[in-house]
Amino acid sequence: AQIGVKHILVKHAESERAGAEIRRTREQACLRALEALEELKGGADFDAVVATYSDEAGAASRGGSLGAIRRDDVDPAFADAAFLLDLDGVSYVVETKFGFLIALISCRQGFFASGGAKGVGIATTKAVVQSAVAILIANYIITKMMTEL
């Protein structure tokens, strides 16, 4: 399965691929990532927080987007956090060998649809069916709870 993901990367001096310009300690990087997360929880725009906090080259111009990823494309700790999120869900701060990351899931179903219009139609139908089933299950549970009161 693939997901579309955006992220904020806060590096420290000991991070893999950290340039010479990154001088903060691991602790300082963690605190900076937590600051970014607090801004997001407070309703800040993800792209704006990326522009302010992310140390990844080019991240601001693409809103932190990594595009479509598979679980084995990224650091295992990042994958564990990202693949558990719901659509538009923001992860907790995750430490990886590259620094501290925060993930946002931007797309889960049909990120890549092959076969032209027919493929897009199939991906859309799958997403609608999954949503309809989830709504029916939620309605059943709520009705059951309400009748037991």
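From a predicted model like this one, the values you see are computed outputs, not experimental measurements.

## Some thoughts on the overall build of the chain
- If you tally the helices and strands in the chain, you get four helices and four strands.
- Counting from the amino terminus, the chain carries its helices and strands in the arrangement β-α-α-β-α-β-β-α.
- In the chain, buried positions account for 36% of the 149 residues.
- If you take every contact in the chain between residues at least 6 apart in sequence, the share linking residues at least 24 apart comes to 55%.
- As displayed, the chain has an accessible area near 9,100 Å², and 57% of this comes from carbon and sulfur atoms.

## Some words on the confidence of the model for the chain
- Chain-level statistics for the chain give a pLDDT mean of 83 and a share of 89% at 70 or above.
- When mean pLDDT is taken per element in the chain, helix α1 (residues 26-41) scores highest with 94 and helix α4 (residues 116-147) scores lowest with 78.

## Considering the nonpolar core
- Counting residues in each nonpolar core, the largest one holds 16 residues, and the members touching the most others are Ile8, Leu40, Phe46, Val49, Val93 and Ile102.
- Elements supplying a minimum of two residues to this core: β1 (2-10), α1, α2 (46-53) and β4 (99-107).
- The dominant element in this core, judged by the number of residues it contributes, is α1, at five residues.
- Leaving out residues up to four positions away in the same chain, Leu40 has contacts with Ile8, Asp45, Phe46, Val49, Val90 and Ile102.
- Listed in part, the 14 residues of the second largest apolar core include Ile3, Val5, Phe98 and Leu101.

## So, a nonpolar patch on the surface
- Together, Val129, Val133, Ile137, Tyr140, Ile141 and Met145 make up a nonpolar patch on the protein surface, roughly 590 Å² of accessible area in all.
- Tracing the sequence through the fold places Ile137 in helix α4.
- According to the relative accessible area criterion, Ile137 is partly exposed, its value standing at 47%.

## Brief notes about α2
- Those residues of α2 that fall on the buried side of the exposure criterion are Phe46, Val49, Val50 and Tyr53. Down the axis, α2 shows its buried residues gathered within 105 degrees of arc, on one side only.
- Where α2 begins, the capping side chain belongs to Asp45, and its oxygen is found 3.3 Å from the backbone nitrogen of Asp47.

## Here's the deal with the pattern of salt bridges
- The tally for this structure, following the rule as stated, stands at five salt bridges.
- Where Glu56 meets Arg62, a salt bridge forms, and the shortest distance between an N and an O atom there is 3.0 Å.
- The class of Glu56 is partly exposed, set by a relative accessible area of 22%.
- Residue classification places Arg62 among the partly exposed residues on the basis of a relative accessible area of 33%.
- Between Asp80 and Arg71 there is a salt bridge, with the nearest N and O atoms lying 2.9 Å from each other.
- Judged by relative accessible area, Asp80 falls into the partly exposed class, the value being 40%.
- Taking relative accessible area as the criterion, Arg71 reaches 39% and is therefore assigned partly exposed.

What counts and how
Here the residue numbering is sequential within each chain, running from 1 through the sequence in written order. Selection of residues for local features in this predicted model requires a pLDDT of at least 70, selection of side-chain atom pairs for listing and counting requires 80 or more, and totals for whole chains, interfaces and linings are taken over all residues. Based on all heavy atoms of the structure, the side-chain values leave hydrogens and waters out of the count. Runs of E in the DSSP output that reach at least two residues are strands. Runs of H or I that reach at least four are helices, and both are numbered from the N terminus. Relative accessibility thresholds used throughout: buried, under 20% of the residue-type maximum; exposed, over 50%; partly exposed, between the two (1.4 Å probe, protein chains only). What makes two residues a contact is simply this: any of their non-hydrogen atoms within 4.5 Å. The accessible surface values rely on the Shrake-Rupley method and a 1.4 Å probe; as for residues, cover is taken only from the protein chains in view. Note on scores: pLDDT gives the predictor's confidence for each residue, bounded by 0 and 100. To qualify as a nonpolar core, a set must consist of buried Ala, Val, Leu, Ile, Met, Phe, Trp, Tyr and Cys residues joined through side-chain atoms within 4.5 Å. Patch membership requires over 30% relative accessible area and the absence of a salt bridge. Like charges are linked within 9 Å, and nonpolar side chains (Val, Leu, Ile, Met, Phe, Trp, Tyr) within 5 Å. We define a salt bridge as a contact between a side-chain nitrogen of Lys or Arg and a carboxyl oxygen of Asp or Glu at a distance within 4 Å. When we speak of the arc, we mean the arc of directions from the helix axis to the C-beta atoms. By the criterion applied in these results, polar contacts are pairs of N or O atoms within 3.5 Å in which, for protein atoms, one can donate a hydrogen and the other can accept it, and in which residues neighboring in sequence qualify only through two side-chain atoms.

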